[in-house]
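Each chain, written out:
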Amino acid sequence: MVSLHPLLDNGITKGDPNFAGGKLYCKCASAPVEVTLSSNVAHNHACGCSKCWKPAGALFSIVGVVPRDKLSVTANESKLKIVDPSAAIQRYACTSCGTHLYGRIEVEHPFKGLDFVHAELSPEKGWQEPQFAAFVSSIIEQGFDPAKIGEVRSKLNSVGLQTYDCLSPPLMDLIAAYTAKKNGTLK
């Protein structure tokens, strides 16, 4: 079996619900970009989409969100550049090592106000553990053998992650409620 992600391959380490945040760093040996989060992440999950940053050899990223006002770039911000300016999530990556430090939504969107982050880029322990796996089928679009997707789903389930080909039901409900309010069908 190929690597799902280093944080998943040997089982999930439970986070600390009282964890107050920490610092994320890019992979540069000198002058790394530093991002400070003043809260724990929420909705942390394994993501199989093609846009999220993944460690070398991993099929999935691990990504969570923090409120926008809980994230600040605290060192070497000049090294950051948006990966794809046309994407809804503006992913800021280090121009030297390529690591994605955070993603921000600037357009009208159900998740505007939340920044997407990879807590694994922090040396601190206590971050919320992954809660589910999203966009699992998307790994096929990136070249994964469709005949082996059942093995991937089984492995994700074996470490305690429910698998989805979209987001988890609570997040899909949030998107639906946002859309209904925007359309005036829900007050």
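An account of the accompanying structure is given in this report.

Cut-offs applied
- Here the residue numbers are simple positions, counted from 1 along each chain's written sequence.
- Per-residue local features of the predicted model are confined to residues with pLDDT of at least 70, and side-chain atom pairs are confined, for both listing and counting, to 80 or more; whole-chain, interface and lining totals are unaffected and use all residues.
- Side-chain metrics rest on all non-hydrogen atoms present in the structure, leaving aside hydrogens and water.
- Put simply, DSSP H or I for four residues or longer makes a helix, DSSP E for two residues or longer makes a strand, and each gets a number counted from the N terminus.
- Relative accessibility decides the category of a residue: with a 1.4 Å probe and only protein chains considered, values under 20% of the type maximum give buried, values over 50% give exposed, and everything between is partly exposed.
- A contact between two residues is defined here by any heavy atoms of the two lying within 4.5 Å.
- For accessible areas, the Shrake-Rupley method is used with a probe of radius 1.4 Å. Any residue's cover is judged against the shown protein chains and nothing else.
- Pairing of aromatic side chains here covers Phe, Tyr and the six-membered ring of Trp, requires ring centres within 6.5 Å, and sorts the geometry by plane angle: under 30 degrees stacked, over 60 edge-to-face, intermediate tilted.
- A pair of strands is labelled paired if DSSP reports no fewer than 2 bridges between them.
- Simply put, an axis is a line fit to the C-alpha atoms, just over the touching stretch for a helix, and the angle between two N-to-C directions goes from 0 to 180 degrees.
- We define the nonpolar core as a collection of buried residues of types Ala, Val, Leu, Ile, Met, Phe, Trp, Tyr and Cys that are connected through side-chain atoms lying within 4.5 Å of one another.
- Between the first and last residue of a helix there are one fewer steps than residues, each counted as 1.5 Å, and that sum is the expected span.

This part is about the overall build of the protein chain. Counting secondary structure elements, the protein chain contains 3 helices and 11 strands. Sequence-ordered secondary structure for the protein chain, helices as α and strands as β, is β-β-β-β-β-β-β-β-β-β-α-α-β-α. In the protein chain, buried positions account for 45% of the 187 residues. When contacts within the protein chain are restricted to residue pairs at least 6 apart in sequence, long-range pairs at least 24 apart make up 64% of them. Counting every atom, the protein chain has about 9400 Å² of accessible surface; 54% of that belongs to carbon and sulfur.

To continue, consider unusual backbone geometry. It is generally the case that most residues other than glycine have a negative phi and that most peptide bonds are trans. In this structure, H43 takes a positive phi of about 50° despite not being glycine. Note on H43: relative accessible area 34%, which makes it partly exposed. One non-glycine residue, F135, adopts positive backbone phi at about 50°. Structurally, the position occupied by F135 is in the loop between β10 (132-134) and α1 (138-141).

This part takes up the packing of aromatic side chains. Enumeration over the complete set of coordinates arrives at 4 aromatic pairs. Seen in terms of ring centroids, F132 and Y164 are 6.1 Å apart; in terms of plane orientation they differ by 70°. Their pairing is edge-to-face. Of this pair, F132 sits in strand β10 while Y164 is found in the loop between β11 (162-163) and α3 (169-183), placing the two residues 32 residues apart along the sequence.

Strand order across the open sheet formed by 8 strands is β6-β7-β8-β9-β4-β3-β10-β11, with mixed pairing between neighbours. Either end of the sheet is taken by a strand with one partner, and the two such strands are β6 (80-82) and β11.

Bringing the sheet that holds strand β5 (residues 71-75) into the picture now. In sheet architecture, strand pairing relies on hydrogen bonds along the backbone and comes in two forms, parallel and antiparallel. Overall, antiparallel pairing links the 3 strands, which are arranged β1-β2-β5 in an open sheet. Looking along the sheet, the strands with just one partner apiece sit at the ends: β1 (22-25) and β5. On average, each strand axis in the sheet is inclined to that of its neighbour by 30°, with strand direction left out of account.

As a further point, take the nonpolar core. L24, V33, V35, L37, L101, Y102 and V117 are the most contacted members of the largest nonpolar core, which has 21 residues in total. Only β2 (34-37), β5, β7 (89-94) and β8 (100-105) provide two or more residues apiece to this core. Discounting chain neighbours no more than four positions away, the residues touching V117 are L24, L37, V41, I62, V63, G64, V66, L71, L101 and Y102. A133, I139, V152 and V159 belong to the second-largest nonpolar core, a separate cluster that totals 15 residues.

A few words now on α3. The α-helix winds at 3.6 residues per turn, so residues separated by three or four positions along the chain end up facing the same way. With 15 residues, α3 should reach 21 Å at 1.5 Å per residue; the first-to-last C-alpha distance of 21 Å fits that figure. Taken from the residues just after α3, G184 is the one with a positive phi, measuring 80°.

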